[in-house]
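Descriptive structure summary
So you can see what is in the structure, the chains are spelled out below.
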Amino acid sequence: MNQTQISVVVPAHNSEKYLEKCLKAILLSDYNNYELIVVSDASNDNTVEIAKKYADKVIELKKCHNRLQVRMIGFQACRGELIVNIDSDVEIKSDTLTKISTYFRNNYQIGAMTGILTKESDADNFFSSYKNLYMNFKFLKLPPKIKFLYGSIFVLTRSALAVALQKLSESTIQTATDESELSQILITAGIEMGLTAP
């Protein structure tokens, strides 16, 4: 069976402390048919240098943008049928992309999906550890179909992205602070969103 092409987008702003771990984890994926794009949001540390060692494409933005703008710039550079947003401080498991591909193959009616964070965190601070534990606990109580996208890891199909690009105005993108605007557009357009644990 042919693998669906996946585009992985990693938005990054001054992410030198954790970006390498994020990108190495993606490269250890057991899924072969993917491209890796890093969008540097006007970083002034070693983010770009690290990204160039691992990514297929690095987009360097010269001035800071909001999170939705950075993500949409990366999404528009994608070739894949599935577009995966992974925040630069997230480390996926080796089978995460395979699970994502399988999920969409088995749930063809779903246009977008949010992943559940694991309980564990490699971060050496209380807040990160608590956040993972709390988000895992809360998400596991949700139904399999949801009405939001969670920034750390979410996926759009190519067709859902096309709807979002058609509906999102430039002014909306510029004033949005996170993926909640994107979620609302997909809901209004009747695109179903799912929840799974990659």
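In what follows, the accompanying structure is described. Just so it is clear, the model here is predicted, and its values are computed rather than measured.

What about the overall build of the chain?
A tally of regular secondary structure across the chain gives eight helices and eight strands. Taken over 198 residues, the chain has a buried fraction of 50%. The long-range fraction of contacts in the chain, counting pairs at least 24 apart against all pairs at least 6 apart in sequence, stands at 73%. As displayed, the chain has an accessible area near 10200 Å², and 50% of this comes from carbon and sulfur atoms.

Some remarks on helix H1 (residues 19–27)
Of the residues making up H1, those classed as buried are Leu19, Cys22, Leu23, Ala25 and Ile26. The buried side chains of H1 occupy one side of the element, clustering within an arc of 155° when seen end-on. For H1, the secondary structure elements touched by its buried residues are strand E1 (6–12), strand E2 (34–41), helix H2 (47–54) and strand E4 (82–86).

Here we look at the packing of aromatic side chains
Applying the stated criterion across every chain yields a total of two aromatic pairs. Seen in terms of ring centroids, Phe75 and Phe154 are 6.1 Å apart; in terms of plane orientation they differ by 90°. Their pairing is edge-to-face. Of this pair, Phe75 sits in helix H3 (residues 67–76) while Phe154 sits in strand E7 (residues 153–157), placing them 79 residues apart in sequence. Accessibility assignment for this pair places Phe75 and Phe154 in one class, buried. Seen in terms of ring centroids, Tyr103 and Phe104 are 5.4 Å apart; in terms of plane orientation they differ by 85°. Their pairing is edge-to-face.

Some details on the nonpolar core
Core analysis: the largest hydrophobic core is formed by 30 residues, its most contacted members being Val8, Val10, Ile26, Val84, Ile86 and Leu97. Contributing elements (two or more residues each) for this core: E1, H1, E2, H2, E4, helix H4 (96–106), strand E5 (110–115) and E7. Top contributing element to this core by residue count: H1, with five residues. Setting aside chain neighbours within four positions, we find Val8 in contact with Ile26, Tyr34, Glu35, Leu36, Ile37, Val84, Ile86 and Leu97.

Considerations on the packing of H1 against H2
Across the interface, H1 lies against H2 with an axial gap of 10 Å and an inter-helix angle of 10°. The angle between H1 and H2 falls in the class roughly parallel. Between H1 and H2 lies a crossing whose hand is right-handed. Contact with H1, carried on its side by Leu19, Glu20, Leu23, Lys24 and Leu27, involves Thr47, Ile50, Ala51, Lys53 and Tyr54 of H2 and no other residues of that element. Partitioning the contact of H1 with H2 into residue classes produces six nonpolar, one polar and three charged.

Conventions and cut-offs
Residues numbered from 1 in each chain as written. Predicted model: local features only at pLDDT ≥ 70, side-chain atom pairs only at ≥ 80, totals over all residues. Heavy atoms only, no water. Helix = DSSP H or I, 4+ residues; strand = E, 2+ residues; numbered from the N terminus. Buried < 20%, exposed > 50% of the residue type's maximum accessible area, 1.4 Å probe, protein only. Contact = heavy atoms within 4.5 Å. Areas by Shrake-Rupley, 256 points an atom, 1.4 Å probe, with all protein chains shown as cover. Arc of directions from axis to C-beta. Phe/Tyr/Trp six-rings, centres within 6.5 Å; stacked < 30°, edge-to-face > 60°. Core = buried A, V, L, I, M, F, W, Y, C linked by side-chain atoms within 4.5 Å. Axes fitted to C-alpha atoms, helices over the stretch in contact; angles between N-to-C directions. Parallel < 35°, antiparallel > 145°, perpendicular 65-115°, else oblique. Left-handed = near helix turned anticlockwise from the far one by under 90°. Nonpolar A, V, L, I, M, F, W, Y, C, P; charged D, E, K, R; others polar.

These results come straight from atomic positions and should not be treated as a statement about function.
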